[in-house]
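These are the residues of each chain, in order.
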Amino acid sequence: MTWWTPDSYLFAEDAKNWLSLQYEPQVWISLIMYRNRDLLIGPHKVDKKPLWGTEGGGQEYWTFKPIPFWERSPMWGYYVIYL
């Protein structure tokens, strides 16, 4: 399954919190996504996960279809991580 968010996060801590991730992401990839062609499901508001100490509230889409990112004009970047 592939998860995707239309939201932008500058800081890894923000992405972890808003998307209720167990760990802070280390990189981001910006892709062109197609709602019908990629069979996207959503949007869905991310639920809070108290066990991980996250608030949720971000938007997410998902698909069971593999996304060929190399065909989607990917842009890569690194999150700002506070130590």
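In what follows, the structure referred to is the one given above.
Remember, it's a predicted structure, so these values are computed and weren't measured experimentally.

Undergrad: Quick question: what am I supposed to make of a nonpolar patch on the surface here?
TA: Side chains of Met1, Trp3, Ile41 and Phe64 sit close together on the surface and give an oily, nonpolar patch of about 480 Å² of accessible area. Within the element layout of this structure, Trp3 appears in strand β1 (residues 2-4).

Undergrad: In this structure, what is going on with the side chain of Glu60? I would like to understand it.
TA: Within the secondary structure, Glu60 sits in strand β4 (residues 59-63). With no salt bridge to any partner, buried Glu60 finds its closest opposite charge in Lys49, at an N-O distance of 6.7 Å. Setting aside anything within four residues of it in sequence, one finds Glu60 in contact with Trp3, Trp4, Ile41, Gly42, Pro43, His44 and Val46.

Undergrad: Before we go on, may I ask you to explain the packing of aromatic side chains in this structure?
TA: Pairs of aromatic rings are described using the distance from one ring centre to the other and the angle between the two planes. Considering all chains together, one arrives at three aromatic pairs under this definition. Residues Trp3 and Trp62 carry aromatic rings whose centres are separated by 5.4 Å and whose planes lie at 40 degrees to one another, so their mutual orientation is tilted. A residue pair is termed long-range when its members are at least 10 positions apart, and Trp3 in strand β1 and Trp62 in strand β4 qualify at 59 residues. Residue classification places Trp62 among the buried residues on the basis of a relative accessible area of 18%. Seen from their ring centres, Phe69 and Trp70 are 5.2 Å apart, and the 75 degrees between their planes marks the pair as edge-to-face.

Undergrad: Explain the pattern of salt bridges to me, please; I cannot follow it from the model alone.
TA: Pairs can form between side chains of opposite charge once their charged atoms are near each other. Overall, the coordinates contain two salt bridges when judged by the stated rule. Arg72 is the salt-bridge partner of Asp38, the closest N and O atoms lying 2.7 Å from each other. Of the two residues, Asp38 sits in the loop between β2 (27-30) and β3 (41-45) while Arg72 sits in the loop between β4 and β5 (75-78), which places them 34 residues apart along the sequence. Overall, Asp38 belongs to the buried group, its relative accessible area being 0%. You can call Arg72 buried: its relative accessible area is 3%. Across the salt bridge formed by Glu55 and Lys48, the nearest N and O atoms sit 4.0 Å from each other. Take Glu55: its relative accessible area is 48%, and that puts it in the partly exposed class.

How each quantity is defined
- Residues numbered from 1 in each chain as written.
- Predicted model: local features only at pLDDT ≥ 70, side-chain atom pairs only at ≥ 80, totals over all residues.
- Heavy atoms only, no water.
- Patch = residues over 30% accessible without salt bridge, like charges linked within 9 Å, V, L, I, M, F, W, Y side chains within 5 Å.
- Areas by Shrake-Rupley, 256 points an atom, 1.4 Å probe, with all protein chains shown as cover.
- Salt bridge = Lys/Arg side-chain N within 4 Å of Asp/Glu carboxyl O.
- Helix = DSSP H or I, 4+ residues; strand = E, 2+ residues; numbered from the N terminus.
- Buried < 20%, exposed > 50% of the residue type's maximum accessible area, 1.4 Å probe, protein only.
- Lys, Arg positive; Asp, Glu negative; His and termini not counted.
- Contact = heavy atoms within 4.5 Å.
- Phe/Tyr/Trp six-rings, centres within 6.5 Å; stacked < 30°, edge-to-face > 60°.

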